[in-house]
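Single-letter residue listing:
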Amino acid sequence: MRTLIVDDERLARNELKRLLEPYTKIEIVGEAANAEEALKLIEEQQPELLFLDIQMPGKNGFELLSSIEGKSPEVIFTTAFDEYAIKAFEFNALDYLLKPIDTERLKETIHRIEENQAQPESPAHASERAEKVLGENDQVFVKDGEKCWFVKLGKIRLFESMGNYVRLHFDDQKPLVLKSLNNLEERLDPNTYFRANRKHIINLHWIEKIEPWFSGGLLVTLQGGDKIEISRRQAIRFKELMSL
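How each quantity is defined
Residue numbers run consecutively from 1 along every chain, following the written order of its sequence. pLDDT decides what is reported in this predicted model: residues at 70 or higher carry local features, side-chain atom pairs at 80 or more are listed and counted, and totals for whole chains, interfaces and linings draw on all residues regardless. Computation of side-chain values: all heavy atoms of the structure, hydrogens and water removed. Nonpolar core, defined: a set of buried Ala, Val, Leu, Ile, Met, Phe, Trp, Tyr and Cys residues in which side-chain atoms within 4.5 Å join the residues together. Type-normalised accessible area, obtained with a 1.4 Å probe on protein chains alone, sets the label of each residue: buried when under 20%, exposed when over 50%, and partly exposed for intermediate values. What counts as a helix is a DSSP run of H or I of at least four residues, what counts as a strand is a run of E of at least two, and both are numbered from the N terminus. Note on definitions: a residue-residue contact is assigned when non-hydrogen atoms from the two residues lie within 4.5 Å. For two strands to count as paired, DSSP must find a minimum of two bridges between them. By salt bridge we mean one thing: a side-chain nitrogen of Lys or Arg within 4 Å of a carboxyl oxygen of Asp or Glu. Pairs of N or O atoms within 3.5 Å make up the polar contacts considered here, provided that, within protein, one atom can donate a hydrogen while the other can accept it, and that residues adjacent in sequence are counted only when both atoms are side-chain atoms.

Q: Describe in detail the nonpolar core, supporting the description with residues and values.
A: One finds Val6, Leu50, Leu52, Leu65 and Phe77 to be the most contacted residues of the largest nonpolar core, which totals 21 residues. Sorting the residues of this core by element identifies strand E1 (2–6), helix H2 (35–45), strand E3 (49–52), helix H3 (61–67) and strand E4 (74–79) as the ones contributing at least two each. Sequence-distant contacts of phenylalanine 77, that is, excluding residues within four places in its chain, are made with Leu52, Ile54, Phe62, Leu65, Ala88, Ala93, Asp95, Tyr96 and Leu97. Core analysis: the next-biggest nonpolar cluster, separate from the first, contains 17 residues, Val140, Val142, Val151 and Ile201 among them.

Shown next as C-alpha cells:
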C-alpha cells in the first residue's frame, strides 16, 4: 500500500519508518510534519494509507481528514493520547496505535491489512461486486429503528455522512443507515451521484440551482431546499462532468 506518515515529530517519523521496514507491502511514498504538507502530498501521491498523528501544530489529525476532498485514504492513528480513540473510529480508522508503538501491536495491524490486500478475488466475487453498482431505478430497503422503507434510489436527493452512519434525504424522511460514505460512493452510479465534498453525495437529477461560491467552489441548491457546497477541486470535476 502506498503509505504516508504524518507526524510533527521527526524522531517519531523516523522510528515509525524503522518499525515498518520489515513490511515489504508497505511502500512509504512521503512524510509530512503538519496538515498543510500532508494535504499537498496526499494530492500529489494519492496514498492508500496514512499513519496519522492527532496533535500537531495548526490543524490536528481530525481536521486534516476533514480537509481531504473526495475519497480519503485508509487511516491508522498514532498518538500518545488515548482519549481520542472513540472520535478516531468515527473517522472509520483502521486502527489506533498508542506511542511508543508496540512492535507486536503494529505487527498485528499490518498483518490484518496484508491479509485483506492478499485475498484473491474470484470471478464470481468480481461479478457480484460489479453487479452492486446501483442506479436511480434500483430500489433499496432502508431500516431506521422501527421504521422501514423500500425506496427507489432516484428519489434519494442527498447522502450525508454522520460519523459511522449516512443520513438519506428523500421525501420528508431522513433515516440513518450504518454505512460509510466511501462505501456508498463505490456502489452508486457516478453518472447520477456526485461526491460534492467529504460529507455529501448529491443526486445530479435533483439540482435546482448552481451558484459560484468561495475560493472557486460552487453552491448547489437541490429541489427541496438543501444547499450543498461543492469544493474547489470537486467543482472542476463537476464542470467537466456536466459540460458537453
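Q: Describe the sheet that holds strand E8 (residues 158–162), naming the residues involved and giving the relevant values.
A: Pairing is antiparallel in the open sheet, where five strands are placed in the order E10-E9-E8-E12-E11. Strands at the two margins of the open sheet, each flanked by one partner only, are strand E10 (176–177) and strand E11 (193–195). Of the strand pairs in this sheet, E8 and strand E12 (residues 200–203) are connected by three bridges, and their pairing is antiparallel. Bridging from a neighbouring strand, leucine 158 pairs with isoleucine 202 of E12.

Q: Pulling in residues and values, what's your account of the pattern of salt bridges?
A: A complete count under the given rule lists ten salt bridges for this structure. Residue glutamate 15 pairs with arginine 18 through a salt bridge whose shortest N-O separation is 2.7 Å. With glutamate 15 and arginine 18 both in helix H1 (residues 10–20), this residue pair falls three residues apart, about one helical turn.

Q: An account of the side chain of asparagine 197 is needed here, citing residue identities and associated values.
A: Considering the arrangement of structural elements, one finds asparagine 197 in the loop between E11 and E12. Within the local environment of asparagine 197, its side chain forms a polar contact with the backbone nitrogen of lysine 199, the two atoms lying 2.8 Å apart. Apart from the residues lying within four places of it in its own chain, the contact partners of asparagine 197 are Glu69, Ile228 and Glu229.

Q: I'd like a rundown of the pairing of strand E9 (residues 165–169), residues and numbers included.
A: As judged from the five bridges shared by E8 and E9, these two strands associate in the antiparallel manner. Bridging across to E9, leucine 158 finds its partner in histidine 169. If you look at the hairpin formed by E8 and E9, you'll find two residues sitting between the two strands, and glycine 163 has a positive phi there, around 70°. Across two bridges, E9 lies against E10 in antiparallel orientation. Directly across from valine 166, in E10, lies its bridge partner valine 177. Counting the residues between successive antiparallel strands, the hairpin from E9 to E10 contains six residues, one of them, aspartate 171, with a positive phi of roughly 50°.

Any functional reading would require information that these geometric values do not contain.
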